[in-house]
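# What the coordinates show
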2 protein chains.
Amino acid sequence: MSTAQGARARARIEVTAAIKDAARRQLAAEGAAKLSLRAVARELGMVSSALYRYFPSRDDLLTALIIDAYDSLGEAAETAHAKAAATDHVRRWTTVCEAVRAWALAHPHEYSLIYGSPVPGYAAPETTVPAAARVGLLLIGIVRDAARDPGLAGLPLPAELRPEGERMVRDLAPDLPPGAAVALVAAWAQLFGLVGFELFGQFHRVVEDREAFFRHAAARLARDVGLVHR
Amino acid sequence: MSTAQGARARARIEVTAAIKDAARRQLAAEGAAKLSLRAVARELGMVSSALYRYFPSRDDLLTALIIDAYDSLGEAAETAHAKAAATDHVRRWTTVCEAVRAWALAHPHEYSLIYGSPVPGYAAPETTVPAAARVGLLLIGIVRDAARDPGLAGLPLPAELRPEGERMVRDLAPDLPPGAAVALVAAWAQLFGLVGFELFGQFHRVVEDREAFFRHAAARLARDVGLVHR
DNA sequence: CCGAAAAGAGAGCACTGCTCTTGTGCGAGA
DNA sequence: TCTCGCACAAGAGCAGTGCTCTCTTTTCGG
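Where an unreviewed UniProt entry is consulted, chain A appears under the name TetR/AcrR family transcriptional regulator, with the organism given as Streptomyces actinomycinicus.

Okay, the UniProt feature "domain: HTH tetR-type" (unreviewed entry) in chain A next. Within this structure's numbering, the places UniProt gives as "domain: HTH tetR-type" (unreviewed entry) are residues 13-73 of chain A. Secondary structure across residues 13-73 of chain A comprises 75% helix and 0% strand; the distance between its end C-alpha atoms is 23 Å.

Okay, the relation of the copies chain A and chain B next. Between chain A and chain B, which share one sequence, the superposing operator has a rotation angle of 180° and an axial displacement of 0.0 Å; the RMSD is 0.0 Å. With respect to symmetry, the two chain copies, as superposed, fit the operation of a two-fold axis. Residue A:G193, judged by its C-alpha, is the member of chain A lying nearest the rotation axis, at 1.7 Å. In this assembly the copies share their binding face: 98% of the residues contributing to the interface of chain A also contribute to that of chain B.

With 50 residues of chain A in contact, the opposing surface of chain B contributes 49 residues. Taken together, the two surfaces of chain A and chain B that pack against each other cover about 4100 Å², and 62% of this comes from carbon and sulfur. The interface formed by chain A and chain B includes four salt bridges. Put simply, B:E160 and A:R215 hold a salt bridge, and the shortest N to O gap is 4.0 Å. Taken together, chain A and chain B are joined by 13 residue pairs in polar contact (both at pLDDT 80 or more).

Neighbouring DNA strand C are 21 residues, the closest being A:S49, A:R53, B:L37, B:R38 and B:R58. In DNA strand C, atoms within 4 Å of the protein come 48% from sugar and phosphate. Note that a phosphate oxygen of DNA strand C is positioned 2.9 Å from one of the side-chain N or O atoms of A:R12. When residues of the surface near DNA strand C are traced back to their parent elements, those giving at least two are α1 (7-30) and α3 (48-51) of chain A together with α1 (7-30), α2 (37-44) and α3 (48-51) of chain B. In terms of residue count, α2(B) provides more of the surface near DNA strand C than any other element does, three residues in total.

This part is about the nonpolar core. Counting 150 residues, the largest nonpolar core has A:W93, A:F192, A:F213, B:W93, B:F192 and B:F213 as its most contacted members. No other element matches the 16 residues that helix α10 (residues 178-199) of chain B contributes to this core. Excluding residues that lie within four positions of it along the chain, A:F213 makes contacts with A:L194, A:F203, A:V207, B:L161, B:M168, B:V182, B:V185 and B:A186.

The next point concerns unusual backbone geometry. Located in the positive-phi region is A:D175, a residue other than glycine, with phi close to 70°. By the element assignment, A:D175 lies in the loop between α9 (162-171) and α10 (178-199). A relative accessible area of 55% places A:D175 in the exposed class. For B:R205, which is not glycine, the phi torsion reads 65° and is therefore positive. Residue placement: B:R205 occurs in the loop between α10 and α11 (210-224). Owing to a relative accessible area of 54%, B:R205 belongs among the exposed residues under this scheme.

The full count for this structure, using the stated rule, is three cavities of 30 Å³ or more. As a volume, the largest cavity reaches approximately 160 Å³. Lining the largest cavity are 16 residues, and of these A:Y115, A:F192, A:G196, B:Y115 and B:F192 lie nearest its centre. Looking at the lining of the largest cavity, the elements that each hand over two or more residues are α6 (108-115) and α10 of chain A together with α6 (108-115) and α10 of chain B. The greatest single-element share of the lining of the largest cavity, amounting to five residues, is contributed by α10(A). Considering only residue class, the lining of the largest cavity consists of eleven nonpolar, five polar and no charged. Empty space within the second largest cavity amounts to approximately 80 Å³. A:V182, A:A183, A:A186, A:A187, A:Q190, A:D224, B:H216, B:A217, B:R220 and B:D224 together form the lining of the second largest cavity. Sort the elements by how many residues they give to the lining of the second largest cavity and α10(A) lands first, with five residues. When grouped by side-chain class, the residues that make up the lining of the second largest cavity number five nonpolar, two polar and three charged.

With respect to spatial proximity, 21 residues lie near DNA strand D, and among them A:L37, A:R38, A:R58, B:S49 and B:R53 are the closest. Within 4 Å of the protein, atoms of DNA strand D come from sugar and phosphate in 46% of cases. Between DNA strand D and the protein, one listed contact pairs a phosphate oxygen with a side-chain N or O atom of A:R42 at 3.4 Å. In this structure, B:R38 approaches DNA strand D through a side-chain N or O atom, which is 3.4 Å from a base oxygen.

A word on the pattern of salt bridges. All names here are of chain A. Evaluation of the coordinates by the stated rule reveals 40 salt bridges over all chains. Here R167 makes a salt bridge to E164, at a shortest N to O gap of 2.8 Å. With R167 and E164 both in helix α9, this residue pair falls three residues apart, about one helical turn. For the pair R167 and E164, one class covers both residues: buried.

Moving on, we come to the packing of helix α5 (residues 89-106) of chain B against α6(B). Residues and elements named next belong to chain B. Two elements in contact, α5 and α6, have axes whose closest approach is 5 Å; the angle formed by their N-to-C orientations is 115°. Put simply, α5 runs roughly perpendicular to α6. Counting all contacts with α5, which are made through W103, A104, L105 and A106, the residues of α6 involved are P108, E110, Y111 and I114. Of the residues that constitute the contact of α5 with α6, the class distribution is seven nonpolar, no polar and one charged.

Conventions we followed
- Residues numbered from 1 in each chain as written.
- Chains lettered and ligands numbered in written order.
- Predicted model: local features only at pLDDT ≥ 70, side-chain atom pairs only at ≥ 80, totals over all residues.
- Heavy atoms only, no water.
- UniProt positions renumbered as here; feature names shortened; annotations may be inferred.
- Helix = DSSP H or I, 4+ residues; strand = E, 2+ residues; numbered from the N terminus.
- Least-squares fit on C-alpha atoms with pLDDT ≥ 70 in both.
- Contact = heavy atoms within 4.5 Å.
- Buried area = accessible area lost by both parts, 1.4 Å probe.
- Salt bridge = Lys/Arg side-chain N within 4 Å of Asp/Glu carboxyl O.
- Polar contact = N/O pair within 3.5 Å; in protein donor to acceptor, adjacent residues only side chain to side chain.
- Near = heavy atom within 4 Å.
- Core = buried A, V, L, I, M, F, W, Y, C linked by side-chain atoms within 4.5 Å.
- Buried < 20%, exposed > 50% of the residue type's maximum accessible area, 1.4 Å probe, protein only.
- 1 Å grid on protein atoms, 1.4 Å probe; cavity = no way out; pocket = protein on both sides within 12 Å on 5 of 7 lines; lining within 4 Å.
- Points joined across faces, edges and corners; volume = space filled by probe spheres on them.
- Nonpolar A, V, L, I, M, F, W, Y, C, P; charged D, E, K, R; others polar.
- Axes fitted to C-alpha atoms, helices over the stretch in contact; angles between N-to-C directions.
- Parallel < 35°, antiparallel > 145°, perpendicular 65-115°, else oblique.

This is how it looks when you write it as structure tokens:
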């Protein structure tokens, strides 16, 4: 059986978790670039080489943290979303947007890790894809519900983008009008543009009341994906 | 006089330029995290310590590269913009957007440096501000011209954002309607969200025809800031 | 119970940013 | 024109990094 593990296996997952915890602490404190395997090992009272029994390289540890970060963000978004009235699609949308922003402000270095520039020569492995998709799926669900309800304004789609929109609908967002699918992807990217600019300091001396500014921008994004009140 | 420098001063600026060139090559090849002072020194046939006569630290070298990158992007945008008809504000807008995207795709690591996550514990010094503002100023100019022309649709601004909008107009975009100023800043951030998502791989298996997708999104951004054809 | 596998410890390699000390050649002032 | 000072270069060295290798200890399964 897999539940009744020996002490060995149990210790392994405990140590693995401890390593990730320590690494996450360092990440939060200093950022990804200063995350050091040796420092993590020191904090845990082990020697650095021992750590390689758990993560074959620094990049693998980073990958684990990336997946966790995606999951944490996804869960934060889903939790917030669950509290919004299921009938008000605009409110659902803005709630998710604000949850993303709040999570980013609370976990800046983790946000950088997943939505900032990809680290060194590092290419995110396929493993991260499911976790990365969570927020996107949430947004798709909102727009889909609105399309059914129906509280979705018609969205124009130029002819040259029609194939692309239909492919999106087929591959990732069934039951969505192609125009909404394209608009949704754009809004999704734009949402993270807003968050990233605020977090990375581009709004320095440009936007002061960032809370209100973001709320307004998120509401406009809702309109851009065709969501309308009621 | 400042033009007739001695050989010494001339050598200094030449060496400084050579260091930046070599560093830029490494940056383009491997990314900011792998940019190494020692490797730069090796490439130039000097010893690593000699390099500190020109840049007091690795971060200072990076800062110089950041400023150059902002300038390069700004110049690319301005050059493209100059070729667009001065009367078609939508076209001017999309031209600048596409120039930004093209520059980013051509210089991914430099783009990461300026619009990705800020490196280590590094906070961009004030020196970078003027260079960083170039693209923004360009966009402000377009919207301002449109507001005069008049080819600017009215933009609603909720009461809670009115002070913010008025401050923006006062501090950075005189002669703009407050609603347009707020919308412009949002569109500016959203533009870089689109570019960043494409560049950093978030569109993997999501957007295929990225050229067309971006063109469409940029046109919608133009509409969002109130630009209308003719 | 005992052999295999897993885990930890330690030394070591090649690399990094950065500092300090020691020459050396250019150039501006007397 | 000479000379003193300073900018520059070179080298050694320190503390830190990721990662590998070897050796010992611990633990588990047949």
